[in-house]
Amino acid sequence: MGIVSPVGSRLDDAWRNVCEGVSGIRLIDDFDTSELPTRIGGIVTDFDIDDYLSRKEARKTDRFIHYGIAASVKAIEHSGLEITEENGDSIGIAMGAGIGGIKMIEDNHHKMLAGGPRRVSPFFIPGSIINMTSGNVSILQHIKGPNVSIVSACATSTHCIGFAGRCIEYGDADVMLAGGSEYATTQLAMAGFCSARAMSTRNDDPTAASRPFDIDRDGFVLSNGAGCVILEELEYAKSRGAHIYAELIGFGMSGDAHHITLPPADGDGARRAMSAAIKDASIDPGDIDYINAHGTSTPAGDIGESVGIRRAFGDAADKLLVSSTKSTTGHLLGAAGVVEGIFCVQAINHHVVPPTINLDNQDPACDLDYVPNEARDAKVRIAISNSFGFGGTNGSLIFRAFD
């Protein structure tokens, strides 16, 4: 596992901070936000691209690619995987983004307006398109198996992980790097989300702005970062003596067929994604101990997911522990699913469920156990991670402790 996030870019740091309720939300200070209703975001503060690329190479690519490369390198190092000429064909990568290189798009548009078309960088296109995280990592690490990028808004990296698992099941690869990255706290992206009235405007108290399931929530907080997990076919992992942190046992998808940004009030798309993952895993709803919720802190989204969980789990919903780590990280869009999947795996390994912070006055319409404000010791054997995106695209992953 590898992570770059507002709560830390080392795996242990990020896990400790989400469990301790340390928020990564702060005022944005790298451009003038004075005319925006929202001036806060989840900002990565402990990252240096010099650790991964030369300055010359870094200038050719957007920051979301920088984060994705770093998360991939961290994951490879964490796994002990050695990529060689002999096994490169059997190793693949599936990493995407929800928005991609919007910072590079903005910068080159400004250059063109100021100085004409000749000022546009020759690296503008390959430096900003979404599949170039997978592309660059493949080149840098000599990965010669499947090389793909799924783009499905906030469900992107969840879908990438699910797809990667199926690549292994179908025999297309023995090993897959999977995840996503995002750098979207830019002037244009912030303005767009503000115009949609989707984000929190709690600028005077940034660390309290992301408050899933709280009755005073007023929108999500946009964040930057990346995550990567390394999936391996079981016998391959055993043969090289890999430390196995968990099994990916279920993957489910669905479409709301409802609205471009709003989920249905009855949570039906969320329900069907979770139920499909449970069916894929060949388990019962009551076998699941913990849900890392999509939980974005939007008025409609949190209710829709809560209703969907109740419908998918029935009576078993009352024993579930549910939390949203977006309360600490904010919403990493295309990187959210993988970061939250990593936290599910950490919960399984550490027997701790991270809290939903800022949950001071629970919305009566959200009636589950959201682990408010303090982490909880719990034996988590099976966990599910939910991701739902604009366009009504949904994905759920199920992880199980490895015996």
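The present account deals with the structure reproduced in this document. As the structure is a computational prediction, the values presented were derived from the model and not from experiment.

**Some remarks on the overall build of the protein chain**
If you tally the helices and strands in the protein chain, you get twelve helices and 14 strands. If one aligns the C-alpha atoms of the protein chain with their principal axes, the spans along those axes are about 65 × 55 × 40 Å. Within the protein chain, the fraction of its 403 residues that count as buried is 60%. Contacts spanning at least 24 positions in sequence make up 77% of the contacts within the protein chain whose residues lie at least 6 apart. By element, 50% of the accessible surface of the protein chain is carried by carbon and sulfur atoms, the whole surface being about 15,900 Å².

**A word on the sheet that holds strand β10 (residues 321-323)**
Spatially, the five strands line up as an open sheet ordered β8-β14-β13-β9-β10, and their pairing is mixed. Unpaired on one side and paired on the other, β8 (247-255) and β10 mark the two borders of the sheet. Neighbour to neighbour, the strand axes of the sheet diverge by 15 degrees on average, direction disregarded. Against the sheet, helix α6 (residues 156-169) touches β8, β13 (382-389) and β14 (393-400), its axis set at about 120 degrees to β8. In this fold helix α12 (residues 336-350) packs onto β9 (290-292), β13 and β14, with an angle of close to 170 degrees to the strand it touches most, β13.

**Comments concerning the layout of surface pockets**
The calculated volume of the largest pocket comes to roughly 770 Å³. Forming the walls of the largest pocket are 31 residues, and the residues nearest its centre are L231, E232, A246, E247 and L248. Contributions of two or more residues to the lining of the largest pocket are made by α3 (63-79), α6, β7 (225-232), α8 (234-239), β8 and α12. Its residues placed into classes, the lining of the largest pocket shows 17 nonpolar, seven polar and seven charged. In this structure, the second largest pocket occupies an estimated 650 Å³ of space. Around the second largest pocket sit 38 residues that line it, and T261, L262, P263, T298 and F390 are the ones nearest its centre. At the level of secondary structure, the elements contributing two or more residues to the lining of the second largest pocket comprise α9 (268-281), α10 (299-313) and β13.

**Notes on the nonpolar core**
Within the largest apolar cluster, 42 residues are counted, with the highest numbers of intra-cluster contacts made by V229 and Y290. Counting residues per element, the ones that place at least two in this core are α1 (11-20), α6, β6 (175-182), β7, α12, β11 (352-353) and β14. Ignoring sequence-local partners within four residues, the contact set of Y290 consists of L320, L321, V322, S323, C344, A347, V353, P354, V380, I382, A383 and I384. Ranked by size, the runner-up nonpolar core spans 31 residues in total, among them V44, I49, L81 and L177.

**A few points about the pairing of strand β4 (residues 91-96)**
The element β4 is extensively covered by neighbouring structure, given that six of its six residues are classed as buried. Burial along β4 is two-sided: I91, I93 and M95 facing one way and G92, A94 and G96 facing the other are all buried. Two elements, β4 and β6, share six bridges in a ladder whose sense is parallel. Its bridge partner being in β6, I93 is matched across the sheet by L177. Judged from the two bridges that link them, β4 and strand β5 (residues 147-148) form a sheet pairing that is parallel. Each residue of the ladder has a partner; that of A94, found in β5, is V148.

**Some words on the packing of α9 against α10**
Running from N to C, α9 and α10 cross one another at 40 degrees; their axes reach a closest spacing of 8 Å. One finds that α9 runs oblique with respect to α10. In this structure, α9 crosses over α10, and the sense of that crossing is right-handed. Residues D268, R271, M274, S275 and I278 of α9 pack against G308, I309, R311, A312 and F313 of α10. When grouped by side-chain class, the residues that make up the contact of α9 with α10 number five nonpolar, two polar and three charged.

**Comments concerning unusual backbone geometry**
Here the phi dihedral of S297 falls at roughly 85 degrees; this positive angle occurs in a residue that is not glycine. One can find S297 in the loop between β9 and α10. Residue S297 is classed as buried on the basis of its relative accessible area, which comes to 0%. A positive phi is found at H351, a non-glycine position, where the angle reads about 55 degrees. Inspection of the secondary structure assignment puts H351 in the loop between α12 and β11. Classification of H351 as partly exposed rests on a relative accessible area of 37%.

**So, the sheet that holds β5**
Sheet architecture is open: five strands sit in the order β1-β7-β6-β4-β5, paired in mixed fashion. Of all the strands in the sheet, just β1 (2-4) and β5 have a single pairing partner and so form its edges. Contacts from α12 reach β1, β6 and β7 within the one sheet, and its direction differs from that of β7 by about 60 degrees.

**Things to note about the environment of H243**
Along the polypeptide, H243 turns up in the loop between α8 and β8. Residue classification places H243 among the exposed positions, given a relative accessible area of 55%. The spacing of H243 and H78 is 165 residues in sequence and 9.6 Å in space, taken between C-alpha atoms.

**Some thoughts on the pairing of β14**
For β14, the buried fraction is high: seven of the eight residues fall into the buried class. As paired strands, β8 and β14 are joined by eight bridges and run antiparallel to one another. Among the inter-strand pairings, G250 is bridged to a residue of β14, identified as I398. In this structure, β13 lies alongside β14, joined through eight bridges in antiparallel fashion. The partner of I384 across the bridge, within β14, is I398. The antiparallel hairpin formed by β13 and β14 contains three residues in its connecting segment, where G391 sits at a positive phi of about 90 degrees.

Procedures and definitions
- Residues numbered from 1 in each chain as written.
- Predicted model: local features only at pLDDT ≥ 70, side-chain atom pairs only at ≥ 80, totals over all residues.
- Heavy atoms only, no water.
- Helix = DSSP H or I, 4+ residues; strand = E, 2+ residues; numbered from the N terminus.
- Buried < 20%, exposed > 50% of the residue type's maximum accessible area, 1.4 Å probe, protein only.
- Contact = heavy atoms within 4.5 Å.
- Areas by Shrake-Rupley, 256 points an atom, 1.4 Å probe, with all protein chains shown as cover.
- Pairing = 2+ DSSP bridges.
- Axes fitted to C-alpha atoms, helices over the stretch in contact; angles between N-to-C directions.
- 1 Å grid on protein atoms, 1.4 Å probe; cavity = no way out; pocket = protein on both sides within 12 Å on 5 of 7 lines; lining within 4 Å.
- Points joined across faces, edges and corners; volume = space filled by probe spheres on them.
- Nonpolar A, V, L, I, M, F, W, Y, C, P; charged D, E, K, R; others polar.
- Core = buried A, V, L, I, M, F, W, Y, C linked by side-chain atoms within 4.5 Å.
- Parallel < 35°, antiparallel > 145°, perpendicular 65-115°, else oblique.
- Left-handed = near helix turned anticlockwise from the far one by under 90°.

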